[in-house]
Amino acid sequence: MEAVVCIKPVPEADSRLRVAPSGATYDPEGLRYTLNSTYDEAAVEEALRLREAGAIEKVHVVSLGPARAEEGVRYALAMGADDGLLLETGPGDAFDPGATANLLAGAIQTGPHDLVLVGRRAGDDETGMVGSALGEHLGIPSFAFVTGISVEGPSGSLRLRRFTEAGEEVLSVSLPVVVSLLKGAQDPRTPTLPNILKARRKPLVHQPLSEVLARLPAPPVRSLPVRFDLPAPRTGARLVEYQNPSEAAEKLVRLLREEAKVL
Amino acid sequence: MPISFDLTPEQRELQGLASKFAREEMTPRAAECDRTGRFPEEVYRRAWELGLMNLNVPAEYGGSGLPLLDQCLITEELASACGGMTTSILANCLALQPINLGGSPEQRERFLKPFCSEYRLASFALTEPGGGSDAGALKTRAIREGDSYLLTGQKCFITNAPQASLYTVFATVDPEKKHAGITAFVVPRETPGVSLGREEDKLGQRASSTATVTLERARVPLQNRLGGEGEGFKLAMATLDSTRTPIGALAVGIARAALEHASRYALQRSSFGVPIAQHQAIATKLGTMVQELEASRLLTWLSAWMVDQGKRATLESSVAKCYASDSAMHICDEAIQIFGGYGYMRDYPVEKLLRDAKLCQIYEGANEIQRLVIAREYLRRFS
Ligand SMILES: Cc1cc2nc3c(=O)[nH]c(=O)nc-3n(C[C@H](O)[C@H](O)[C@H](O)COP(=O)(O)OP(=O)(O)OC[C@H]3O[C@@H](n4cnc5c(N)ncnc54)[C@H](O)[C@@H]3O)c2cc1C
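Right, let's walk through the structure included here.

The rules behind these values
Residues numbered from 1 in each chain as written. Chains lettered and ligands numbered in written order. Predicted model: local features only at pLDDT ≥ 70, side-chain atom pairs only at ≥ 80, totals over all residues. Heavy atoms only, no water. Salt bridge = Lys/Arg side-chain N within 4 Å of Asp/Glu carboxyl O. Helix = DSSP H or I, 4+ residues; strand = E, 2+ residues; numbered from the N terminus. Buried < 20%, exposed > 50% of the residue type's maximum accessible area, 1.4 Å probe, protein only. Expected span 1.5 Å × (residues − 1). Pairing = 2+ DSSP bridges. Axes fitted to C-alpha atoms, helices over the stretch in contact; angles between N-to-C directions. Contact = heavy atoms within 4.5 Å.

## Section: the pattern of salt bridges
Stage number 1. In total, this model carries 39 salt bridges over all chains according to the counting rule given.
Stage number 2. Among the ionic pairs, Arg189 of chain A bridges to Glu52 of chain A, the shortest N-O distance being 2.7 Å. With Arg189 of chain A in the loop between strand S10 (177-181) and helix H5 (193-199) and Glu52 of chain A in helix H1 (residues 39-52), this pair connects stretches of sequence that are 137 residues apart.
Stage number 3. Judged by relative accessible area, which is 25%, Arg189 of chain A ranks as partly exposed.
Stage number 4. For the salt bridge of Lys251 of chain A with Glu247 of chain A, the shortest nitrogen-to-oxygen distance reads 3.1 Å. Of the two residues, Lys251 of chain A and Glu247 of chain A both sit in helix H7 (residues 245-258), four residues apart, roughly one turn of that helix.
Stage number 5. Its relative accessible area of 26% is what places Lys251 of chain A among the partly exposed residues.
Stage number 6. Counted as one network, the salt bridges with shared partners bring together Glu76, Glu77, Arg256, Glu260, Glu294 and Arg297 of chain B.

## Brief notes about H1 of chain A
All names here are of chain A.
Stage number 1. An ideal rise of 1.5 Å per residue puts 20 Å on 14 residues; H1 measures up with 20 Å between its terminal C-alpha atoms.
Stage number 2. Within H1, 11 of the 14 residues are buried, leaving the element largely enclosed by the surrounding structure.
Stage number 3. Taken residue by residue, H1 has Tyr39, Asp40, Glu41, Ala42, Ala43, Val44, Glu45, Glu46, Ala47, Leu48 and Leu50 as its buried positions.
Stage number 4. One or two residues past the end of H1 sits Gly54, with phi positive at roughly 85°.

## Description of the sheet that holds strand S1 (residues 2-7) of chain A
Residues and elements named next belong to chain A.
Stage number 1. With respect to topology, nine strands assemble into an open sheet ordered S9-S8-S7-S10-S6-S1-S4-S5-S11, the strand pairing being mixed. Of all the strands in the sheet, the pair left with one neighbour each is strand S9 (167-174) and strand S11 (204-208). Taken over all neighbouring pairs, the strand axes of this sheet differ in orientation by 35° on average, direction set aside.
Stage number 2. Along the sheet face, H1 touches S1, strand S4 (58-65), strand S6 (115-119), strand S7 (142-150) and S10 and points at about 150° away from the line of S6.
Stage number 3. Most of the contacts of helix H2 (residues 70-79) go to S11, to which it runs at about 150°, and overall it touches S1, S4, strand S5 (83-88) and S11.

Structure representation (structure tokens):
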């Protein structure tokens, strides 16, 4: 059994975004990209744990993005993934979640993919749609909001824990399957320095997007972003000066009662 | 190879690892350890687990054997979170370097491997109460007795001494011979006759520990002598030649933190109706600080690059260490000034940076000595 983890490079969480000259998206210039941290790291971690438990033989990583996305793939390799594939986009290439899933599926289809893992959503556009769209394009079931994967039940199946508004579900699913992870069972590991050095020697293939596109029966349908605005700067914060905590509490309570009228 | 200032993807990853570690493990404890002087063993242990210690130990002994430039990139990131913790993390490199450089293959196997297979600390013990700058005049005696030596003397200001399991000690077999009598030994902590003084209470870098090590007829087997009798002085100098550059990077890290704090503050604090960054007196301060920081970083990179190319870098490493540490002091001083009264308060981060930066002008060869070395090296070109 082999797993494929889809990862997306996103700007670091504390980046200061600017609108791109096109006005349609944010400007990638000068941003530092990381692996879509927490979400995708959790997906990689989960796959590695299954491999360590002997349930999976190999963990492959695939990413769709510009050449610099290599850093995110390398990070996953340093965490312990076996090999990486980067579907390299060119300048100006932009894909919506459906098209992204279509392209990823085109690449994933060519190799073993018993378990396809994605993070719950991307840290930048937050659409959370690629997982389900991947299931559609691969023609296999997909499950979202998963909080744990374990190897139980008949062979060729996995046990998933799923979090819903109504409560927690435990499902037995047969493979192959796409799983979108809400969170992992364990904090993602930090790659150690020796593993970063070792990851340099692991295979990482750059595949030009044209090759993937050529394999698709039809060009991916896509929406195009038209306009992108940054949130308006926040106003209205008011600083309350105080000498000691009890005075602070007193002043805050008065403001909440008399001005905000929430008490 | 043409010069390039582009870091490789691998270098960026190492930098990323160090910066993540600094942000997650060091920053949250920096103020507390500064206040209490606590030695945050959990941070050092985690640094070891991630491979951020013993950066200079060759891969064949289980280390990562990183080029010096990569070591400097890591050091700057760590030091931007806490100078003191960085000193304690780097101390292993300093202590193990004489073994790297002067040890026989058997000694390297015996002494270096344990540091890579488990978390352990080592100390470099050169300085004595009677003087640090004039290392050729050190007084600790090594008297040969059969196939061992008896070491007697005192080593002071030794980083990580209270926690170290091994010391690299420099002693003289004959004080008459001055430099030519100095010999290096590896002294395990449990050796009878080795004792520790109380931990020093320091101005800055308080997360690091510093203490005196006293040797009282401590018996060290011949197999623990690094190189021959009289080869110790050269070994100590060669060690410091390669560890001086990371001290420059350490100073750059502290200075960078000060400059970043000062920049953010200058944009946010207003006086006379505008952010203080718009007053020219503050803007020109920042302009000078940026120049000093950039120059310091480039000097450390140059020096590290020369060492990595196998070139002699005595002048460059002294320039890097001296300039970066003097600049760090100036940058931290100006950062406090930009913070005004708040800068003087312990609740704000910049006064700690000044206290931490000060040490960089003193240890691993005081800056006065660096200037003498630089002038001597430079003047050789004219004679
Ligand atoms: C926190 C801390 C940690 C340290 N860690 C270690 C360690 O791990 N291992 C270790 O061996 N040492 C360590 N040291 C010692 C450090 O390297 C010495 O303090 C330093 O080399 C200076 O020696 P000294 O203190 O004896 O000063 P001195 O040599 O007495 O010098 C006093 C002053 O005179 C100046 N001076 C001396 N000679 C000359 C000259 N010829 N021309 C001009 N000026 C001169 C010096 O620059 C200095 O300003 C540490 C020191 C500190 C403070």
